[in-house]
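Architecture at a glance
Each chain, written out:
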Amino acid sequence: MKLLFSILFLISTYSSAHAEISLSDLGMSNEVSVAETTPKFESEMKERTEKLRKHQVLGLTTWGMMSATMLTGGSALDSNLHMYLGMATGALYLTTAYYSLTAPKPTNIKDKTRMKWHKALAWVHFPLMLIVPYLGYQYKKHEDNNQKHSALEKQHSALAGALYGTFTISTALMVIEF
Amino acid sequence: MMKNIILFLWLLPFSVLAQNWELSSSTAQYEVKHLVKKVYSESKELKGKMNCSATECEFLVAAPIKSFTSSDSNRDLNMLETTEASKFPLTMAKGKFSSDKLKLKQKWTLPIEVEFHGVTNIYNAEIEPTKDMSFKSNFNLKLDQHKIDRPSLFGIKIEDSVPMIFKLEWKQI
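Anyway, here's the lowdown on the structure attached to this text. (Residues numbered from 1 in each chain as written. Chains lettered and ligands numbered in written order. Predicted model: local features only at pLDDT ≥ 70, side-chain atom pairs only at ≥ 80, totals over all residues.)

1. Description of the overall build of chain A
Of the regular secondary structure elements, chain A holds five helices and zero strands. The helix and strand sequence of chain A, counted from the amino end, reads α-α-α-α-α. When each of the 178 residues of chain A is scored for burial, the buried share is 19%. Here the contacts in chain A between residues at least 6 apart in sequence split such that 70% fall between residues at least 24 apart. (Helix = DSSP H or I, 4+ residues; strand = E, 2+ residues; numbered from the N terminus. Buried ≥ 20, exposed ≤ 12 C-beta atoms within 10 Å, placed from the backbone. Contact = placed C-beta atoms within 7 Å.)

2. Here we look at helix α2 (residues 73–82) of chain B
Turning to α2 of chain B, its buried residues number three or more, namely N74, L77 and M79 of chain B. For α2 of chain B, the elements touching its buried residues are α2 (39–71) and α4 (113–144) of chain A. Directly beyond the C-terminal end of α2 of chain B, a positive phi value near 50° is found at E84 of chain B.

3. Thoughts on the packing of helix α3 (residues 81–101) of chain A against α4 of chain A
Residues and elements named next belong to chain A. Their axes nearest at 11 Å, the elements α3 and α4 cross at an angle of 160°. Between α3 and α4, the interaxial angle falls into the category roughly antiparallel. The two elements α3 and α4 cross, and the hand of that crossing is left-handed. Together, M83, G86, G90 and Y93 of α3 and M129, P133, G136 and K140 of α4 make up the contact between the two elements. Considered class by class, the residues forming the contact of α3 with α4 number four nonpolar, three polar and one charged. (Axes fitted to C-alpha atoms, helices over the stretch in contact; angles between N-to-C directions. Parallel < 35°, antiparallel > 145°, perpendicular 65-115°, else oblique. Left-handed = near helix turned anticlockwise from the far one by under 90°. Nonpolar A, V, L, I, M, F, W, Y, C, P; charged D, E, K, R; others polar.)

Structure follows, in structure tokens:
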């Protein structure tokens, strides 16, 4: 009787070694969880992906346009090119921001360090993006009318540099793997 | 009685050499290449089992697609969208090989069946033993072969070939 049990044990050991391994053996299933297949979740994910893709492309285009604006800063009083580039940059910037701010964010998404910095820098470059063009406009208007410049207007170039710097870092955080 | 003894003796070597293993602290990493950048993503949620008889070993390794994370959560979301992780939540690899291979100290090649995005393809994985029952394995996954619509940036698609690197540690169960 003992021998029979031993044989049965050996057979079961041998057969278990040869049984086809399945996902259930790993405690996994290929079935999709309900939470991930709700139409709301699916449509939110699709919308988010689309909007953030546009945000990414427009963000890089804005950076290119902003670079061109910075390069033409020296000749701002001689031609309107700097002003037009600045206006285009502003429009692109706001469109870029629109796609980021309106992208739905499912609750289970947590930002990582680089993303936290990317967002935190927006608190710096967003107000600068509103102030810098206004100061530039004021500077040019006063210059054209031979009027005196205010102390803040004179900071247009320095603030534009800060804007370009923070925006560049913010863009680089998303483009380059540090 | 004699019959039982013969059967016992016949089965004995198989049962002594039959060993079952499961994965412990293992990782899988993929690398996506684009003209302007390279991106790495890693999963530490691999599960796997390997059953070995005296002559042959058979294994299955699987990981949830959503367990692969990079340094950018938005990019990870794009990956879930691109790979249709809501329809195909898991990726898995399985294969069989001669038990003798476990004793090898040098690199060897193993044909593995990889299921990803609901499509199964065969790849030749390079296996490198690192220490006892620990292996480093790599192969190049082909996105087009798995019917993945490759994402693009500025009109340039990511490369079709995605190097996969596995660090697998097996413990006996």
